[in-house]
Structure formats: C-alpha cells, structure tokens
Amino acid sequence: MKLTIIGTGYVGLVTGTCFAEVGHQVVCVDRDQQKVDLLLAGGMPIYEPGLDEMVARNVAAGRLSFTSSTREGVEKSDVIFIAVPTPPLPDGSVDLSFIELVAREIAGAMTSYKIIVDKSTVPVNTGERVAETIKRYCKAKVEFDVASNPEFLREGFAVEDLMRPDRVVVGVRSPRPVAAMKEIYAPFNAPIIVTDINSAELIKHAANSFLALKISYINAISILCEATGANVQEVANGMGMDIRIGRRFLDASLGFGGSCFPKDLSAFIKISEQLGYDFRLLKEVQTINANQMDRFVKKINDTMWVLKGKRIGVLGLAFKQNTDDVRMSPAIDLCHRLLHEGAILRVHDPKAMEKAKPILQGVTYVDDMNDVAEGCDALVIATEWPQFKQLDLEKTRKCLTHPILFDGRNLFDVKEMEELGFIYKSIGR
Ligand code: UGA
C-alpha cells in the first residue's frame, strides 16, 4: 500500500522503514529540512540497532523516500500516519500543537479520500479533535476517516519490536478504514485488536503507566530487601515465574527515565484529573521513582563521606541500553547531582557521548570503558549496557584508588564482586 508517515523521530522513522521492509511504498515527511537532507544523504539522525541498514536497503529498492513537503506526502498516499512529538507542558499536560498543525496541513492538502492515523502518544479524545480539525480546514469536499494506532516499540529494540509486535491496536469510528489497516499490518503476523478510538488512546497511556508502576513496585521491594538482607533479583525471579505477573520490567534500578515513562505518567495523571479522578496510585509511582535516585545518591554519599574533590568514574549516560538517547536520563541526572556535590567526573557511554556533551559539561569523556576508573576514588554504573558486564574487573580494581563500585543496574553478582576485592553496593541486594 502507499503510506505516508509524518514525523521522522524514533517512532516515525522506524515505523516507516519497517512498513517499507514488508513491501509497502512509504514516504517519510519531516518539516526539519536538515534532517531530511541527512536521511537523503544516507545519514541517520538516531542510533537504533539494525535501522541504518534497513533504511539503506529500502531506499535502494525504491520503497522508502524522504521529503519535507506534507503536501507531497498527502498526495502520494492513501493512508497518512501522524508520528510527531507530543512534548510535556510545564503543568504535566500534553502539548498537542504539533498534532493540530499537522492535521491542518493534511486537511489543506487533501483532494481525495484519506485515512489519517495517529501514532503519537496522545490524551484520550485527541482523535475526535483531529477529525474536527480536518473537517474544518479541508477546503475540498472529500471524505476521510481517522484512526488511532498507538505504537509500543522500545528504544534500542525498535526494529525488533516493530517487526514482531505482541499486538497491533487499531481504534476507529466506523468500519470503513479497518480493511486498510488490516492490510497494512498483515505481513507482521500479529494479533490485531480493533476497538474505538478512545479505548485505543487509553490503551497506550494505561500500558506505559502500568510498566512504570511495575518498575516502581520492584524498586519499593528493593528497599525492603536492603533492610532485611534479602535479594531483589531472587524476589523478582520468584514473582516473575507466576505467568500472571511475568518477569519483565521487574529489574530494580536507580529509577526509570527516557522520553516516554516520565512524560506519559504526568500526562495520564493530568488527563485523569481533568476527567475528575485523582490517580494517586500513579503519583506514588512518580514518588518512588524520584526516591530511588535520592537513595542511590545517599548510598554514594554515605560510603564516600565527602564528595567534594573526589574523582568518580561513571559508566553509562543513555537512559537505557542500546540507545544514544539521553532525554530524561537517570544517568545524566546522577552526574549532575555528583557534580553539584563537588565530585570530579570521568564518564563513558558506548553510544550516547555525543548527545550528552551539550547537556553534561565539566566532565572528562573517556573513549574506552576500561579506562574510566583510572585514578578514580569510585566507579558508578548508571546504564544497563550489556557490554559493561565485560568490564575488565581486575584492571578496574587496580585503577581505582579505592575499589568501590556502585552499581545502579545490578549487573554483577554480589558474592563474586566481593571475592574480587570490591566494596560493591548495588540496588536491593
Ligand atoms: C517505553 C515502553 O516500554 C514502550 O512500550 C513504549 O512504546 C515507549 O515507552 C513509548 O511510549 O514510546 P522506552 O522508553 O523506549 O519504552 O524504554 P523502556 O525499555 O520501557 O525503559 C524505560 C526506562 O525504564 C529506562 O530508563 C529503563 O532503564 C527503565 N527500566 C526498565 C527499569 O529501570 N527496570 C526495568 O525492569 C525495565
């Protein structure tokens, strides 16, 4: 089918590329001409495993193209996906101005029947608003349908998640666009849930909030583990084997971050408030998450006593493994707190150093993870990159003036680290 994706961020670019990969004819639109030029020149604005080769392959096959013209995108396709940012406003609610602008632009360019599908994470009722806006701004008297198709991909695993989704959610107001949506997703062999638009929009916020809740739950359990000498990983394994609970998203940490969970939690709390419900459960999820970072910083403070003038190595800057994304990264937050206490930092991340540089200054960026500990008083692990498990521990212990390792991601075995001579402090163990 002929598809247009408006917005080439994590969701838009990966979605467009995966649609092309399964044989659709895809136009990706972005108003940022520089980004379009970069993509046209074979460059990649984000790091996502497997994405660059997939883009190159589909561009070469003539199935994937890029433009900054919404009009061109609308003219060339039957189905238009909106995948533009929905950033937070200062009060926690969602800024829908990009969605509204794109809806107006689509309306202005429509000359025949189109299906307009929202993929961005939006508050419940947005589909209704998009439909009203298109109706208002469309000069040509053409028919159209709106649909909601929330995206559940995780950064760092985006291609994998898109090619093999657990489920595809499609929200519609009438049966007319259903056949087209089913045809688009048929090659992905996933169950397709067809529902109303409001339910589809709620599914996305409810799912993200539930995953954040799961992390805060295990982080709260980690406090009890620390108070009793229990091990949070053992507890998570024991809980997770119950298939009603599941083991995933039960990894205790210094807290969740990124451009989705913190923003979506605030938005969902705000949406609930506007609908007359005080979602205190989710407020507590936020509080536990903030406390988790406070507790980790306190652990470092309690062990080091005075941080002023201490040299600390930090492994990890991205908000999670497999990405160069540093937005709302707990690792960056931690660095800022340590700098504020007067510590001197040597930092490393396998992919995120370039994106970190503008927001994290006054630190030494180190290219090799095995050199970070050189001359430091302690080492901190802040991101769950799997390669950190391959750290040369013998060398690291010798490089450190004191063999202290704070592990905010529970990457190593407590007993083994102690046998190697480390003062090893992790989460909930
Ligand atoms: C999240 C959801 O997992 C996706 O399904 C959703 O599509 C996406 O938000 C979105 O709304 O766009 P993402 O933010 O890319 O995906 O990353 P996650 O893998 O969910 O991790 C989020 C944060 O939680 C990271 O900081 C991670 O380190 C942390 N985390 C995750 C934990 O602390 N413990 C865990 O057990 C799992």
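Residues numbered from 1 in each chain as written. Predicted model: local features only at pLDDT ≥ 70, side-chain atom pairs only at ≥ 80, totals over all residues. Heavy atoms only, no water.

(A) The packing of helix 9 (residues 197-228) against helix 10 (residues 232-240), seen in detail. Two elements in contact, helix 9 and helix 10, have axes separated by 9 Å at closest approach and are oriented at 130 degrees. With respect to their mutual orientation, helix 9 and helix 10 come out oblique. Crossing of helix 9 over helix 10 shows right-handed handedness. Here Tyr217, Ile218, Ile221, Ser222 and Cys225 of helix 9 come into contact with helix 10, specifically with Val232, Val235, Ala236 and Met239. Looking at the contact of helix 9 with helix 10, its residues break down into eight nonpolar, one polar and no charged. (Axes fitted to C-alpha atoms, helices over the stretch in contact; angles between N-to-C directions. Helix = DSSP H or I, 4+ residues; strand = E, 2+ residues; numbered from the N terminus. Parallel < 35°, antiparallel > 145°, perpendicular 65-115°, else oblique. Left-handed = near helix turned anticlockwise from the far one by under 90°. Contact = heavy atoms within 4.5 Å. Nonpolar A, V, L, I, M, F, W, Y, C, P; charged D, E, K, R; others polar.)

(B) Quick look at the pattern of salt bridges. Considering all chains together, one arrives at 29 salt bridges under this definition. Taking the shortest distance from any N to any O, the salt bridge between Arg337 and Asp333 comes out at 3.4 Å. Placement of both Arg337 and Asp333 in helix 13 (residues 330-340) is noted, with a separation of four residues, approximately one turn of the helix. Owing to a relative accessible area of 31%, Asp333 belongs among the partly exposed residues under this scheme. The network of salt bridges with common partners includes Asp91, Lys270 and Glu273. (Salt bridge = Lys/Arg side-chain N within 4 Å of Asp/Glu carboxyl O. Buried < 20%, exposed > 50% of the residue type's maximum accessible area, 1.4 Å probe, protein only.)

(C) Inspection of the site of the ligand at higher detail. Around the ligand lies a shell of 21 residues, among which Leu153, Glu155, Lys204, Asn208 and Ser253 are the nearest. In this structure, Leu153 approaches the ligand through a main-chain N or O atom, which is 2.7 Å from an oxygen atom. With respect to the ligand, the backbone of Leu250 contributes an N or O atom lying 3.4 Å from an oxygen atom. In isolation the ligand offers 710 Å² of accessible surface; the protein chains occlude 92% of this area. (Near = heavy atom within 4 Å. Polar contact = N/O pair within 3.5 Å; in protein donor to acceptor, adjacent residues only side chain to side chain. Areas by Shrake-Rupley, 256 points an atom, 1.4 Å probe, with all protein chains shown as cover.)

(D) Spatial organisation of the layout of surface pockets. What the second largest pocket holds in volume is close to 410 Å³. Secondary structure elements with two or more residues in the lining of the second largest pocket: helix 5 (97-109), helix 6 (126-137) and helix 11 (261-274). Here the lining of the second largest pocket is composed, by residue class, of ten nonpolar, five polar and five charged. (1 Å grid on protein atoms, 1.4 Å probe; cavity = no way out; pocket = protein on both sides within 12 Å on 5 of 7 lines; lining within 4 Å. Points joined across faces, edges and corners; volume = space filled by probe spheres on them.)

(E) Region of the structure containing the sheet that holds strand 12 (residues 378-381). Overall, parallel pairing links the six strands, which are arranged 11-10-9-12-13-14 in an open sheet. Where the open sheet ends on each side, the last strands, each with one partner, are strand 11 (364-365) and strand 14 (423-425). With three bridges joining them, strand 12 and strand 13 (residues 404-407) adopt parallel strand pairing. Note that in strand 13 the partner of Leu379 across the bridge is Leu405. Against the sheet, helix 12 (residues 280-304) makes contact with strand 9 (311-315), strand 12, strand 13 and strand 14, and its axis sits at roughly 170 degrees relative to strand 13, the strand it touches most. Relative to the sheet, helix 13 contacts strand 9, strand 10 (344-348) and strand 12, its axis offset from that of strand 10 by approximately 160 degrees. (Pairing = 2+ DSSP bridges.)

(F) Examining the nonpolar core more closely. The biggest cluster of nonpolar side chains holds 60 residues, and the ones touching the most others in it are Ile300, Ile312, Val314, Leu334, Leu338 and Leu345. Non-local contacts of Leu345, meaning those with residues more than four positions away in its chain, are made with Ile312, Val314, Cys335, Leu338, Leu339, Val363 and Thr364. Of all hydrophobic cores here, the second largest spans 39 residues; its members include Val14, Cys28, Leu39 and Ile115. (Core = buried A, V, L, I, M, F, W, Y, C linked by side-chain atoms within 4.5 Å.)

(G) Representation of the pairing of strand 5 (residues 114-118) in the model. Counting buried residues in strand 5 gives five out of five residues, a clear majority hidden from the surface. Residues Lys114, Ile116 and Asp118 of strand 5 are buried on one face, and the alternating residues Ile115 and Val117, pointing to the opposite face, are buried as well. Relative to strand 5, strand 4 (residues 79-82) runs parallel, the two sharing four bridges. Residue Ile80 lies in a different strand from strand 5, and its bridge partner there is Ile116. Regarding topology, helix 5 serves as the crossover connection from strand 4 to the parallel strand 5, and that connection is right-handed. In terms of strand pairing, strand 5 meets strand 6 (residues 144-148) through five bridges, oriented parallel. Bridged to Ile116 within strand 6 is Val146. Handedness of the crossover is the feature at issue here: the chain leaves strand 5, passes through helix 6, returns alongside strand 6, and the resulting connection is right-handed. (Right-handed = clockwise from strand over helix to strand, strands pointing away.)

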